[in-house]
Amino acid sequence: MIICCGDALVDMLPEQLADGREAYLPVPGGAMYNTAIALGRLGEEAGFFSGFSTDMFGQQLTAHLEDSGVSTAWCVHKPNPTTLAFVKLEEGVARYTFLDENTASRMLSVEALPTFPRSVQALHFGAISLISEPCGSAYEELMSRMRNSAVISFDPNIRPGFVTNELAYRERLRRMMAMSDIIKVSEDDLDWMEPGGQFEHIAHNRVEGGASVVIMTMGAEGARAITETVDITVPATPATVVDTVGAGDTFNAGFLASLRASGVLSKQQLKDLDENTLQTAIEYGSKVAAFTVGQAGANPPWLHELTGDTGSV
């Protein structure tokens, strides 16, 4: 099983009414949430861990996960409100304004952390859930507890406008990357974390620090991945872009699903990851992301919607 741990919220997506006025459509979202949805739809045994509100939006979030085949058994339900993210699209790129004060997701505490079964192969962390407290400390503690028994996948998915204590946040990212087996960053993430830094140098430093593979997604330019022995760049799957909401999240799902299907989703096997297996995983992640960017909002594909897939990765 692969469990995604982190942000669950409602994206308020802009929509133009017939009379020309603008309105907002509430759509389930959140980076870790989107990855979980994509894993479930790809046929993976997937779970999700977060704080969920008992309000109407929280019920919508729970139902959407379960409808996509994702277990919500470990979610913590609270009467606090659901986090809302108002989205503005600028030339197809999503910009966000968050309403997160005292929400169920944000108020998740270390005391609420679950004990996961041994069947959990990997946990995926990242995004805005690492910025605020107390949830940021809770997810960091969970990663620390699980780092020796499961593969740790990490995508910082940085939203600079949401960061209130930059120093503390940078330190948390540093600590969590040091505990991670798989690290995926975008070009924007890299620019924020290491202004002017070269991916090759940064990736090799992370590998020397314990990571098995470091990936940088580059939009239409594809993705580059570096391990101890491999350095490859894989072209992007061609796509007609409607918007980029959820692209990186669903890339993560495809990448993890492919590793699991190849039988290498373990800490030891990731250390010996060969070029062909790595390329296959990146190509599948790119394929899943390409489908997603062709839809409005984060709407990952079901397995049968991916041409050529009839029941397995």
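Please read these numbers as outputs of a predicted model, since none were measured by experiment.

Caption draft 1: Quick look at the pairing of strand β1 (residues 2–5). Neither face of β1 is left uncovered, since the one carrying Ile2 and Cys4 and the one carrying Ile3 and Cys5 both have all their residues buried. Both β1 and strand β4 (residues 46–49) contribute to a ladder of four bridges, which runs parallel. Its bridge partner lying in β4, Ile3 is registered against Gly47. With three bridges connecting them, β1 and strand β10 (residues 122–126) associate as parallel partners. Paired with Cys4 across the strands is His124, a residue of β10.

Caption draft 2: The arrangement of the pattern of salt bridges in detail. One pass over the structure, following the stated rule, counts 13 salt bridges. A salt bridge links Arg21 to Asp19, with the shortest nitrogen-to-oxygen separation between them at 2.8 Å. Three or more residues joined by partner-sharing salt bridges are found here, namely Glu133, Glu140, Arg172 and Arg175.

Caption draft 3: Main features of the nonpolar core. With 52 residues, the main nonpolar core has Phe48, Phe255, Leu259, Leu278 and Ile282 as its most contacted residues. Non-local contacts of Leu278, meaning those with residues more than four positions away in its chain, are made with Val213, Ala225, Thr227, Val230, Ile232, Phe255 and Leu273.

Caption draft 4: Highlighting the environment of Pro26. Locating Pro26 in the fold gives a position in strand β3 (residues 22–29). Spatially, the C-alpha atoms of Pro26 and Gln60 are 9.7 Å apart, while their sequence positions differ by 34 residues. Once you skip the residues sitting within four places of it in the chain, Pro26 turns out to touch Val10, Asp11, Met12, Phe57 and Gln60.

Caption draft 5: Structural detail: the sheet that holds β10. Judged by pairing direction, the sheet is mixed, and its nine strands sit side by side in the order β6-β4-β1-β10-β11-β12-β13-β14-β15 without closing on themselves. The outermost strands of the open sheet, each flanked by one partner alone, are β6 (70–71) and β15 (231–234). As defined by bridge partners, strand β11 (residues 151–155) adjoins strand β12 (residues 182–186) across two bridges and the pair is classed as parallel. Residue pairing across strands places Phe154 opposite Ile183, the latter belonging to β12. Strands in contact with helix α9 (residues 275–293) are β13 (213–217), β14 (223–226) and β15; relative to β15, the strand with the most contacts, it is inclined by about 30°.

Caption draft 6: Highlighting the state of the cysteines. Taken as a whole and assessed by the stated rule, the structure comprises zero disulfides. With no disulfide of its own, Cys4 has Cys5 as its nearest cysteine by sulfur position, at a separation of 7.2 Å. Here Cys75 stays free of any disulfide, with the sulfur of Cys5 as its closest cysteine sulfur at 9.6 Å. The exposure class assigned to Cys75 is buried, which follows from its relative accessible area of 10%.

Rules of the game
Residues numbered from 1 in each chain as written. Predicted model: local features only at pLDDT ≥ 70, side-chain atom pairs only at ≥ 80, totals over all residues. Heavy atoms only, no water. Buried < 20%, exposed > 50% of the residue type's maximum accessible area, 1.4 Å probe, protein only. Helix = DSSP H or I, 4+ residues; strand = E, 2+ residues; numbered from the N terminus. Pairing = 2+ DSSP bridges. Salt bridge = Lys/Arg side-chain N within 4 Å of Asp/Glu carboxyl O. Core = buried A, V, L, I, M, F, W, Y, C linked by side-chain atoms within 4.5 Å. Contact = heavy atoms within 4.5 Å. Axes fitted to C-alpha atoms, helices over the stretch in contact; angles between N-to-C directions. Disulfide = S-S within 2.5 Å.

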